[in-house]
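Topology and contacts: notes
Chain by chain, the residues run as shown.
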Amino acid sequence: MLDIYAGKQALKTIQQQGFKQSLFTTMLGASGGPKWFTLFGLDKYLFGEFFKSRTDELNLIGSSAGAFRFAALAQHDPVSAIIRLADYYSHTVYSDKASPAEITNKALQLLDHIFDKNGIEQIVSNKVFKAHFIVSRCTGLTKYETKSLQLIGLLSSIVLNRIDRGLLKHQYQRYVYRVPSSQIQISDSYGFDTSYLELTQDNLKQALLASGSIPLVMKGVSHIKDSPQGMYRDGGIIDYHFDVDIKPERGLVLFPHFSAYPKAGWFDKNLKRKVNSAHYENTVMLVPSKEFIASLPYGKIPDRNDFTTMDADTRIQYWQTVLAETERLATSLDKVIQSQDMTKIKPLL
């Protein structure tokens, strides 16, 4: 039910030392909207069992949906928080032809629901599970809210990205909002300008909203407290599934993901461009198998198109089924960990 992939160095490490939580020092959370529902059971298992008694830091680096997940998982009761996120998001209903303002307001309501009474403070002060939210600051036409200008900007991004992904650095800058005690540094092969800002109780909600603010679909965040002026949008524009080098490199990277074929940025979704395999040498990916996906209703994982292709009742029932079925993935991972059967792990990329 669950496919486990490991980079060359990660596989060697696990074969020598076993599959244990202390080996991992970083966890990645990709963009993808409701596709993350396929990881729901794994998230509950990892933070309810696998990492439950952890005392060493684990850096949680997420963009868009991944950032939302990590905002839940960095709270003191991560399992309850991720359940709140999944339940509220899966039951969200929009009006026909919902405007960016409506979708943005629903996202703000979702954020309020994720945090318990002291949730934001818990994230900022968490010394073990350290949150990092990736945000894209727009410097081209996508910085405008006017739909026509934004659309022209996105079309130019598509063209530039096809020519050379590195050309996008002239339109977008990577901002990493991180807890004050973090020392994480992120770089890539394309030269994106990367800045680091501290997460605070005053800016966390704005930064998190920006990380998930999909162009054209949602309003951008034009001002984040204690940040340079500008228009901030979805972190997945640059870091959709990640193609980055993370320093300091102290251990392995755990990457629960809905696909065994990660894409670097949002504009690479439909391209054959591959990520740099060197960036995945120390990575372990947990991926729902093709057989598991085929067993789901409609033989696919949830996606944002479900909001428009299905009526609300059908979609909600489908998504609830998927959330329940992901418990099988958690059981599959637990069996590997308990048996320490490394023959189940496949080479990555």
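Definitions and cut-offs
- Residues numbered from 1 in each chain as written.
- Predicted model: local features only at pLDDT ≥ 70, side-chain atom pairs only at ≥ 80, totals over all residues.
- Heavy atoms only, no water.
- Helix = DSSP H or I, 4+ residues; strand = E, 2+ residues; numbered from the N terminus.
- Buried < 20%, exposed > 50% of the residue type's maximum accessible area, 1.4 Å probe, protein only.
- 1 Å grid on protein atoms, 1.4 Å probe; cavity = no way out; pocket = protein on both sides within 12 Å on 5 of 7 lines; lining within 4 Å.
- Points joined across faces, edges and corners; volume = space filled by probe spheres on them.
- Nonpolar A, V, L, I, M, F, W, Y, C, P; charged D, E, K, R; others polar.
- Salt bridge = Lys/Arg side-chain N within 4 Å of Asp/Glu carboxyl O.
- Expected span 1.5 Å × (residues − 1).
- Arc of directions from axis to C-beta.
- Contact = heavy atoms within 4.5 Å.

**Some words on unusual backbone geometry**
Pro248 follows Lys247 through a cis peptide bond whose omega is -5°. Here the phi dihedral of Tyr298 falls at roughly 70°; this positive angle occurs in a residue that is not glycine. The topology assignment puts Tyr298 in the loop between helix 9 (290–295) and helix 10 (306–309). When its relative accessible area of 53% is taken as the criterion, Tyr298 is described as exposed. Although it is not a glycine, Gln340 sits at a positive phi angle of roughly 55°. Its location among the elements puts Gln340 in the loop between helix 12 (327–339) and strand 12 (345–347).

**Remarks on the layout of surface pockets**
What the largest pocket holds in volume is close to 990 Å³. In this structure, the largest pocket is lined by 43 residues; those nearest its centre are Tyr89, Ile214, Val217, Arg304 and Phe307. Listed by contribution, the elements that provide at least two residues to the lining of the largest pocket are helix 3 (65–73), helix 4 (78–90), helix 5 (100–114), helix 10 and helix 11 (312–325). Per-element tally for the lining of the largest pocket: the top contributor is helix 5, with five residues. Class assignment of the residues belonging to the lining of the largest pocket gives a composition of 22 nonpolar, eleven polar and ten charged.

**As for the pattern of salt bridges**
Between side chains of opposite charge, pairing is possible as soon as their charged atoms come close. The full count for this structure, using the stated rule, is 15 salt bridges. Between Arg233 and Glu145 there is a salt bridge, with its nearest N and O atoms 3.2 Å apart. Here Arg233 is found in strand 8 (residues 231–233), whereas its partner Glu145 is found in the loop between strand 4 (129–138) and helix 7 (147–163), with 88 residues between them in sequence. For Arg233, a relative accessible area of 0% corresponds to the buried category. Across the pair Lys300 and Asp303 runs a salt bridge, and its minimum N-O distance is 3.3 Å. Look at Asp303 and you get buried, because its relative accessible area is 17%.

**Structural notes on helix 4**
If you check helix 4, its first and last C-alpha atoms are 18 Å apart, about what 13 residues at 1.5 Å a residue would give, namely 18 Å. Turning to helix 4, its buried residues number three or more, namely Pro78, Ala81, Ile82, Leu85, Ala86, Tyr89 and Ser90. Down the axis of helix 4, the smallest arc covering the buried residues is 150°, so these residues share one side. Those residues of helix 4 that are buried lie in contact with helix 2 (40–50), helix 3, helix 5, helix 10 and helix 11.

**Considerations on empty space enclosed by the protein**
By the definition in use, this model includes one cavity of 30 Å³ or more. Put simply, the largest cavity is a space of about 30 Å³. As for the largest cavity, its lining consists of Ala30, Ser31, Gly32, Gly33, Trp36, Leu39, Ala65, Arg69, Pro256, His257 and Phe258. In terms of residue class, the lining of the largest cavity is made up of six nonpolar, four polar and one charged.

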